[in-house]
Structure formats: structure tokens, C-alpha cells
Amino acid sequence: MSRRGVVVVAAAAAVLAAVPAVALLQSAPESGRRGFRSTNRTVAFRTTPVSTSETRFRRVPGLDDVLIQNRGVSTARFSGDFSGGPVDIRIIRLPNNVLLPGDAHFAPTAESSSFSYDFLDPRRKGGIDCRRYAVSWRSPTGAEVTLNHGSLIVDYHFDNEDRDGLTTACVD
Amino acid sequence: MSARLSWKQHLTLLVIACVLAATTALAVSASAHPHGEYYNAHWGQGALEGGIDWRFVSDFPSGDAIRQRIKDAAGRWNNQNQTLTFDYEGSQPDYDPFAFSSCPPLDKPEKNGIHWGPVGHPGIGIASLCTFAEAGGDSTATYHSFQIKMDSAINWYVGADGPGYNDIDIQAPATHEFGHATGREVGGAGMGHFGNDWDVCAKSEAAHHTMCESVYTNTWWDRTLNDHDKDVFDGKY
């Protein structure tokens, strides 16, 4: 085998070794659309202020464990009224899956303190699923930001029975 | 180094390639499937001296069958030869109702109760663990009590034999909640669960584990513990 051959075999080995890891990476599509028949809605809300100056994403208390049972895609809408510095908002499906299209950014002012943003969980799984959603936020500048009140609404297609007539239930 | 390799060198390179691929696959598999690293020995900080006493809260239905199914659920964890057991205080009266979401006073560390009340769709059972305030973060916290609540909105199946097609079995979710009460409330796919899309939650009696994110309610399957339910618990206490 030539030195080129050695290089080829080595490269093949590296590729072979990398395949399982790459297969696990989930890259977000550049664009897309999803349709589903929504049958259920779950709402979480908080009416008292909570603040953060953390620059790392943290879950928002009270909006951090919305449980659904469904099959297919689901959507989530966050709405909030803010004061203080700018804020980044994301919705995660626990443990750590960030919903599409990605983080929302909002800078509250005296004239504009409320905003709403829609997120998509594109997960298309064959079976019935139990999913937990949480609003996560951070202060991108480190300046304190306050969520005066807010809500998380999740729309989904409830399902708990599979084709064989077996039923499941979510448990906390 | 010669410009050409012998067949032995070819073989060596191939073996290296295969080992690299297998090692990576195993590492990926392990990271997606960390059965044994979910929680520490929260009860007694690894020095638990006896079982954990529990009672029903008095608003829990009084029927012998429904209560027996809860005792059976606790018994699944008691049969694992661990120091931690859930000991039903049958000779004591039920607890007077107290809020599920509140932790009992620290001077009453044995107030572990099985509650009855709304859980909230789609959940049907929930467990809550109380920690000593001074114990630190989630990974090292010491528990002083646990609470379990079964959904009062459900017409539960409480028979000793297997549930049928339209039944919603109470023993399977109760077994799951006692699993959380062993200290398993963080990690995994969230809250100490096996992810529903993991192989240990595949749809079969042999595969589906009780500590998956959901339980089967019209089968026997989740009344009993499977290998990794036991593995994670084994050796903690």
C-alpha cells in the first residue's frame, strides 16, 4: 500500500468513527412547515414579578414544567411583560432540546413592554410521547430584567392509545 | 518507513479503524443511556439505618383493594435487598390531610404520605421529595420526607389481577412514583426518567421499564421492575 493508501485508510477510519456521533447531531432546517390537528391546550402562567441578570439560560419559575402527552408536532407560545434590560427567550423540551425557530430577543421600553413569540417542536415520533416544556431566559448584557407577568401556551394533539390498543399515561 | 505496507500492516490498520468506530459508537451509546448515574443516596447520606415509614393521608379512598395496590407498589422496591424499604405503618392512623406541595416540618421527618387529589391532565401520578434546607444542591441533598399523589379524577382499576383493555391501572403509576421516592428525581431524560424513545422504554413487557416517562395502564408491564429500574437503585443504599 502506498502512503496515499495509508492516508485513505486512516481517513476512512476517522469517518467511520465519526458517523455515529454525527448521526446524533440534530441541525435545524433552514425553513419548513408542519401541520397537525390540535386537540388540546395546556396553559401555564405566573402573575408575580421575577428577575434575572444571569447571562446563561435559566428556567423561568412557574413556566418551567408544562407536561403534555401527544403524538407528532406541537407548538408553544410565550407571552410576557418585561421591564429593565434586554432579554433572550427560548422554549426547551426537557431535558435540553431548543424549540424552533430559535431564541427570541426583546428589549423592553416604556412604550413597548410586552411581546409574544411562537415556537415549534418539530419532533415527529412514531409513538405516543410525554413531553415537558419550559420557558428559559437570560440577560444577554448582564443587566437586570424583570418578567412582570407571563404565560406559556402549548397546543398539541392528545393521544394515549397505540395501534395495538395499549394505553400509556404520563407520570411525574 | 517503506512506501508500501505488508498485509499485516493492512490488517493492523483495519483493526484500528474498527476499534475507533466501535469505541465511538460505545461512547455515544453510553452517553445516551446512562442507566446508573441518575441519583445519589439521598436518604441518610449513604448511611441509612432502616426503612422509611409511610401512611395514607385520610382523604385517600379507604377501600382495601385500592390501598393494597399501593402497598404492592411499595413492595416492588422493598424486594430488592436494599437498606431502603418503604414500611407501611398499618398500626397507625392515617395522616390528617395536609398540602401535597408543602413540606412537613423538619421536626417530623417521618411524615411520608400518599395523597389523593387532582394531578392535572395528562399526568396521573406525581411524587414530591422534601430536602433539609441545609443539605446543599440537588446532587447531595438529604431527603427528610416524600409525598405521592394519585389523581382523584381517574376511575382507577384496583384489581389484583391484570388490568383490561379500558382500565387505568393504579399500581403501575404508583410503582413509578415510589421509584422517585427512592431519591430518583433528577437526570436521565428529565426528572430521573428513562426517555420514552430509549430502548429500555420499547413497547414490550420485557423491555418497557417502570421508570420511563410514561407507564402502560392496561397491561401488567409496569407493575414490576425491569433490569435497569433495579440497576439504578441497586447499591444506592
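Coordinates for the structure precede this section.
In what follows, the accompanying structure is described. Keep in mind that what you see is a predicted model, and the values were worked out from it rather than measured.

## Let's talk about the state of the cysteines
All names here are of chain A.
- Following the criterion strictly, the structure yields 2 disulfides over all chains and no others.
- Linked covalently through their sulfurs, Cys 130 and Cys 170 form a disulfide whose S-S length is 2.1 Å. Taking the sign of the S-S torsion, -100° for the link of Cys 130 and Cys 170, the bridge is left-handed. With Cys 130 in strand E10 (residues 129-138) and Cys 170 in strand E12 (residues 168-170), this residue pair connects regions lying 40 residues apart in the sequence.
- Cys 170 sits in the buried class, given a relative accessible area of 0%.

## Considerations on the packing of aromatic side chains
- Taken as a whole, this structure holds 21 aromatic pairs over all chains when the rule is applied.
- When the ring of Trp 54 of chain B is compared with that of Phe 56 of chain B, the centres are 5.2 Å apart and the planes differ by 75°; the resulting orientation is edge-to-face. In terms of burial, Trp 54 of chain B and Phe 56 of chain B fall into one category: buried.
- In this structure, Arg 90 of chain A is placed above the aromatic ring of Phe 57 of chain A, and the distance from its NZ or CZ to the ring centre is 3.7 Å.
- Taking the ring centre of Phe 98 of chain B as reference, the NZ or CZ of Lys 111 of chain B above it sits at 4.2 Å.

## Focus on the sheet that holds strand E5 (residues 143-151) of chain B
All names here are of chain B.
- In space, the 5 strands of this open sheet follow the order E2-E1-E3-E5-E4, with mixed pairing throughout. Lying at the two open borders of the sheet, with one neighbouring strand each, are strand E2 (86-88) and strand E4 (125-131). Each adjacent strand pair in this sheet contributes to an overall mean axis angle of 30°, direction not counted.
- Pairing of strand E1 (residues 52-56) with strand E3 (residues 113-117), which is carried by 2 bridges, proceeds in the parallel orientation. Along E3, the bridge assignment pairs Arg 55 with Gly 113.
- Each of E1, E2, E3 and E5 is contacted by helix H2 (residues 64-78), which is oriented at about 165° to E1, the strand it contacts most.

Basis of the calculations
Residues numbered from 1 in each chain as written. Chains lettered and ligands numbered in written order. Predicted model: local features only at pLDDT ≥ 70, side-chain atom pairs only at ≥ 80, totals over all residues. Heavy atoms only, no water. Disulfide = S-S within 2.5 Å. Helix = DSSP H or I, 4+ residues; strand = E, 2+ residues; numbered from the N terminus. Buried < 20%, exposed > 50% of the residue type's maximum accessible area, 1.4 Å probe, protein only. Phe/Tyr/Trp six-rings, centres within 6.5 Å; stacked < 30°, edge-to-face > 60°. Lys NZ or Arg CZ within 6 Å of the ring centre and 35° of its normal. Pairing = 2+ DSSP bridges. Axes fitted to C-alpha atoms, helices over the stretch in contact; angles between N-to-C directions. Contact = heavy atoms within 4.5 Å.

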